[in-house]
Amino acid sequence: MSSLRIAALAVLALAALPGLGACSGEADAPDGDAAGAAVTSQLGVTNARVVLAPVGGNPAAVYLDLAYSGREGVTLDAVDVEGAGMTMIHDYAETGGKMRMVMADKVPLTPGTPVSFAPGGLHVMAMDPTDALKPGTTANVTLTLSDGTTATITAPVRAAGDER
Ligand SMILES: [Cu+2]
């Protein structure tokens, strides 16, 4: 676990580099019309939702669908959730006959190839969700790409038992 945390912190440190995301983010991240959706010039985000864990305080999961139309070689580097702590991008992989969560770190975005974050596959884990994340409310979710582009969407927050 400690190596996973270090890797995730490294991603956050990169995302926080001055000059990259700060100014371009405001210009490139108009709010989407529909909840859970946003479109920048190159990144479309739909069906975003934050799903809380059955036990309060346990990590929440974020699922969403991405359609990218920019240039090759760009990756999704970070997904941050307002109202939660550190986030990690995870996937599931089979090791030793069992499906286990693994660190996905950076997710390649290829024009024409949609990427789905969905239960049982790619997902964002948001550690230490606060009481601000309540079922029926919304949370701001910010995606950061390797080219410094950011997109912020408003995603509905769902309880553990709700539809994922
Ligand atoms: Cu996970």
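Everything in this summary refers to the structure shown in the same document. (Residues numbered from 1 in each chain as written. Predicted model: local features only at pLDDT ≥ 70, side-chain atom pairs only at ≥ 80, totals over all residues. Heavy atoms only, no water.)

### Considering a nonpolar patch on the surface
Then, number 1: There is a patch of nonpolar side chains on the surface, built from Tyr92, Met99 and Met101 and spanning about 280 Å² of accessible area.
Then, number 2: Within the secondary structure, Met99 is located in strand β6 (residues 98-103). (Patch = residues over 30% accessible without salt bridge, like charges linked within 9 Å, V, L, I, M, F, W, Y side chains within 5 Å. Areas by Shrake-Rupley, 256 points an atom, 1.4 Å probe, with all protein chains shown as cover. Salt bridge = Lys/Arg side-chain N within 4 Å of Asp/Glu carboxyl O. Helix = DSSP H or I, 4+ residues; strand = E, 2+ residues; numbered from the N terminus.)

### What about unusual backbone geometry?
For residues besides glycine, phi is generally negative; the peptide bonds are generally trans as well.
Then, number 1: Look at Asn47: it is not a glycine, yet its phi comes out positive at around 60°.
Then, number 2: The topology assignment puts Asn47 in strand β2 (residues 43-51).
Then, number 3: Backbone geometry places Asp105, a non-glycine residue, at a positive phi of 65°.
Then, number 4: Residue placement: Asp105 occurs in the loop between β6 and β7 (107-109).

### Here's the deal with the coordination of the copper ion
Then, number 1: Within the protein, His90 (ND1), Met101 (SD), His123 (NE2) and Met125 (SD) serve as the donor atoms for the copper ion, at 2.1 to 2.2 Å.
Then, number 2: We note that the donor set of the copper ion lies within a single chain, spaced as H-x10-M-x21-H-x1-M. Pair noted here: Met101 is in strand β6 and Met125 is in strand β9 (residues 123-126), with a separation of 24 residues, a long-range link.
Then, number 3: Overall, the relative accessible area of 38% leaves Met101 in the partly exposed class. (Donors = N, O, S within 2.8 Å, 3.2 Å for Na, K, Ca; no water. Buried < 20%, exposed > 50% of the residue type's maximum accessible area, 1.4 Å probe, protein only.)

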